Amino acid sequence: MMITQKNSYIDLIDRNIMPFVQYGDYPDRYPALSALSFNEYFYRELRAASRELFAIFEKTVKIFQQAPRQFQEQMEIPPKLIPFLNIPNALNLSTWLSRFDFVLDENGDFKVVEINSDTPCAIIEAYYVNQIAADSFGYKNPNLGEENNLTSFLHQIKQIISPPQINLSIGNFTQSRPFVFSCFDDYIEDYGTTGYLMELMKINSSTYDVEFISFYDLQVDDDGILLPDGRHAAAIYRLHPMEILIEETATDGTDLGVMFLEKYAEGKFAMFNPPEAVIMQNKAFMALVWQVYLSGKYFNSAESSIIEKYMLPSFFEDDFHIVDGGEYIKKPIWGREGKNISIVDGSNKNTIYEHQIENPDEVVCRESTKFMYQKFVHTPKFEALTDSGHLEGFTTFSCFMLGRQPSAVYCRFSQEKIIGTEAYFVPLVIE
């Protein structure tokens, strides 16, 4: 059910926390003026599905890590990145902070379409703004308490990989090697998200050193990440796609991405998310899970039932043969924000619909030469009130994961069948 109000909750959003309420040249503000309400069971199932799928995805990552290099390259994993995808990390998880994206099918059942495991965004919307909206509309927030859970999770990470040290001469805690948060500071969404997470870590880390440094200013030497004051970072949260970072070079041709990961592999610093998060981020990973399921060799009956219930038939490009009708989404392996995605006829592979996004050159993603195919779901339509008025369109529903624990939920809305950069954030409340 769509819920509206006379006065907008958007006016209550702190622009210092969320500086991208009004984004670029878009005529409308990013948050919708309305909210969507669902019962508590809806959110419980969304979280339960995410928990079960995460365990299955983790199991599949291990299968990938043991696969021959030739297969890993066939999934368009950059060859220079492959040596860094099997390094143990402090949480023993391939991704620490991630986000599942689901759609609803014609029957109102959840179907997962992807996981954002490397550099998930929409964190501010789910953990901060959704509470403001729910309070303003006078409804219960399905994310109640999740900001505190995120804060505790960040504190746990800080304690594990960058603990404070006692200075006996002054009898106090010191932090000689800080925890660094980093992104390109001229990309406002990443800058806001990075700053928000950094401030949450500081809440329970007042005696620790937590600071921001732009990726433009990031330097790497023999001892790791070199900071302007001469110290070295103990750990880094990086909001920059791993498949792009690996290719970064200096003006003199120095292979900065490789050098960065070599120092990580040497234990000079910890990384959040770790490099292997890119495995799930790869769009073909969904096809890998499906093929492993079809093999019948690795998943037990309970896991297979979860896959059958929540996943869609997904195929590598070389394995997608003519099927008995139906429509499939054709996705580039390294696509982001709906770029270069189309819908094809499963019986002949002819294009039915091609998604066009605004400002495609501004979408940061690695160019792909290969695609994957995923069964297309005709989703129910919803309504949202925006600055342009009432719109009818489509939604995705997301669930963030703090390690293995499902957390905040989030919704995007668009008039387009395939949701991309033009999407609105729609708050979620409990009916």
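Everything below is about the structure shown above.
What counts, and where the lines are drawn
Residues numbered from 1 in each chain as written. Predicted model: local features only at pLDDT ≥ 70, side-chain atom pairs only at ≥ 80, totals over all residues. Heavy atoms only, no water. Buried < 20%, exposed > 50% of the residue type's maximum accessible area, 1.4 Å probe, protein only. Helix = DSSP H or I, 4+ residues; strand = E, 2+ residues; numbered from the N terminus. Pairing = 2+ DSSP bridges. Core = buried A, V, L, I, M, F, W, Y, C linked by side-chain atoms within 4.5 Å. Contact = heavy atoms within 4.5 Å. Axes fitted to C-alpha atoms, helices over the stretch in contact; angles between N-to-C directions. Parallel < 35°, antiparallel > 145°, perpendicular 65-115°, else oblique. Left-handed = near helix turned anticlockwise from the far one by under 90°. Phe/Tyr/Trp six-rings, centres within 6.5 Å; stacked < 30°, edge-to-face > 60°. Lys NZ or Arg CZ within 6 Å of the ring centre and 35° of its normal. Expected span 1.5 Å × (residues − 1). Polar contact = N/O pair within 3.5 Å; in protein donor to acceptor, adjacent residues only side chain to side chain. Salt bridge = Lys/Arg side-chain N within 4 Å of Asp/Glu carboxyl O. Arc of directions from axis to C-beta.

Participant: Sorry if this is basic, but what is going on with the pairing of strand β19 (residues 389–402) here?
Facilitator: Two faces make up the sheet, and in a regular strand the side chains alternate between them. Of all 14 residues that make up β19, 12 are buried, and the element is covered over most of its length. Pairing of strand β3 (residues 97–104) with β19, which is carried by six bridges, proceeds in the antiparallel orientation. Each bridged residue has a counterpart across the sheet, and for Leu97 the counterpart in β19 is Leu402. The pairing of strand β18 (residues 382–386) with β19 spans five bridges and is antiparallel. If you follow Thr386 over to β19, its bridge partner there is Gly389. With antiparallel pairing between neighbouring strands as the criterion, β18 and β19 make up a hairpin whose turn holds two residues. In terms of strand pairing, β19 meets strand β20 (residues 405–414) through eight bridges, oriented antiparallel. Pairing of Phe394 across the sheet is with Ser414, part of β20. If you look at the hairpin formed by β19 and β20, you'll find two residues sitting between the two strands, and Gly403 has a positive phi there, around 65°.

Participant: Would you explain the nonpolar core in this entry?
Facilitator: Side chains of a nonpolar character, in soluble globular proteins, are inclined to be buried together. Within the largest apolar cluster, 136 residues are counted, with the highest numbers of intra-cluster contacts made by Phe57, Phe179, Phe260 and Phe397. With 11 residues, helix α1 (residues 40–65) is the largest single contributor of residues to this core. Leaving out residues up to four positions away in the same chain, Phe397 has contacts with Phe38, Phe42, Leu46, Phe100, Asp101, Phe102, Leu104, Phe110, Phe382, Tyr410, Cys411 and Leu428. Counting six residues, the second largest nonpolar core, distinct from the first, contains Ile329, Ile343, Phe376 and Ile418.

Participant: Looking at this model, I keep getting lost on the environment of Phe272. Mind explaining?
Facilitator: Tracing the backbone through its elements, the reader meets Phe272 in strand β12 (residues 270–272). Note on Phe272: relative accessible area 1%, which makes it buried. Along the sequence, Phe272 and Val409 sit 137 residues apart, while their C-alpha atoms lie 21 Å from each other. Apart from residues no more than four positions distant in its own chain, Phe272 is found in contact with Trp96, Leu97, Leu154, Ile157, Phe179, Ile236, Tyr237 and Arg238.

Participant: I keep staring at the packing of α1 against helix α10 (residues 301–310) and nothing clicks. Help me out?
Facilitator: Between two packed helices, what matters for the description is the angle formed by their axes and the separation of those axes. At a closest axis distance of 10 Å, the pairing of α1 and α10 adopts a crossing angle of 120°. Here α1 lies oblique to α10, going by the angle between them. Like other packed secondary-structure pairs, α1 and α10 cross with a definite hand, here left-handed. From α1, Glu45, Ala49, Glu52, Leu53, Ile56 and Lys59 reach across to α10, where they touch Glu303, Ile306, Ile307, Lys309 and Tyr310.

Participant: How should the packing of aromatic side chains be read in this particular structure?
Facilitator: We describe a pair of aromatic rings using the distance from one ring centre to the other and the angle between the two ring planes. Per the stated rule, a full pass over the model turns up 35 aromatic pairs. Three or more aromatic residues joined by ring pairs make a cluster, and in this case those are Phe38, Phe42, Tyr43, Phe57, Phe100, Phe102, Phe110, Phe285, Phe382 and Phe397. The lysine or arginine in question, Lys330, covers the ring of Phe371, its NZ or CZ lying 4.6 Å from the ring centre.

Participant: Sorry, what's going on with the side chain of Thr386 here?
Facilitator: Tracing the backbone through its elements, the reader meets Thr386 in strand β18. Setting aside residues no more than four positions away along its own chain, Thr386 makes contact with Asp28, Leu33, Leu391 and Tyr424.

Participant: I'm lost on α1 in this one. Help?
Facilitator: Since there are 3.6 residues in each turn of an α-helix, residues three or four apart along the chain are aligned in direction. A rise of 1.5 Å per residue sets the reference length of α1, with its 26 residues, at 38 Å; its end C-alpha atoms lie 38 Å apart and thus fit the reference within 8%. The opening residue of α1 is Asn39, an N-cap whose side-chain oxygen sits 3.2 Å from the backbone nitrogen of Tyr41.

Participant: What am I meant to see in the sheet that holds strand β11 (residues 235–238) here?
Facilitator: Sheet strands line up and pair through hydrogen bonds in the backbone, either parallel or antiparallel. Here four strands make up an open sheet; going across it, the order is β8-β7-β11-β12 and the pairing parallel. Edge positions in the open sheet fall to β8 (210–212) and β12, since each of these has one partner strand only. When strand polarity is set aside, the average angle formed by the axes of neighbouring strands in this sheet is 20°. Sheet topology note: the β11/β12 ladder contains three bridges and is parallel. The residue of β12 that forms the bridge with Ala235 is Ala270. Lying over the sheet, helix α5 (residues 188–203) contacts β7 (179–182), β8 and β11, oriented at roughly 170° with respect to β8.

Participant: Got a minute to help me understand the pattern of salt bridges in this structure?
Facilitator: A complete count under the given rule lists 17 salt bridges for this structure. Ionic pairing is found between Arg29 and Asp387, a salt bridge with its closest N-O pair at 3.0 Å. Here the residue Arg29 occupies a position in the loop between β1 (2–3) and β2 (35–38), and Asp387 occupies one in the loop between β18 and β19, the gap between them amounting to 358 residues. With its nearest N and O atoms 3.5 Å apart, the salt bridge here joins Asp255 to Lys80. In this pair, Asp255 sits in the loop between α6 (242–245) and α7 (256–265) while Lys80 sits in the loop between α2 (69–74) and β3, placing the two residues 175 residues apart along the sequence. Here Asp255 falls in the partly exposed class, since its relative accessible area comes to 29%. Classification of Lys80 by relative accessible area gives partly exposed; the value is 32%. Look at the salt bridges and you will find they share partners, linking Asp209, Glu211, Asp229 and Arg231 into a network.

Participant: I would appreciate a short explanation of unusual backbone geometry in the present structure.
Facilitator: A negative phi holds for most residues other than glycine; trans holds for most peptide bonds. Residues Phe272 and Asn273 are joined by a peptide bond in cis, for which omega reads -5°. Of note, Asn273 is situated in the loop between β12 and α8 (277–281). Although it is not a glycine, Ala122 sits at a positive phi angle of roughly 70°. Note on placement: Ala122 falls in the loop between β4 (110–116) and α3 (123–137). In this structure Ala122 comes out as buried when scored by relative accessible area, which is 4%.

Participant: Teacher, can you tell me more about helix α4 (residues 146–161) here?
Facilitator: Under the 1.5 Å per step criterion, the end-to-end length of α4 is 22 Å for 16 residues, consistent within 8% with the ideal 22 Å. All of the buried residues along α4 are Glu146, Leu150, Thr151, Phe153, Leu154, Ile157, Lys158 and Ile161. Projected down its long axis, α4 carries its buried residues within an arc of 160°, all on one side.

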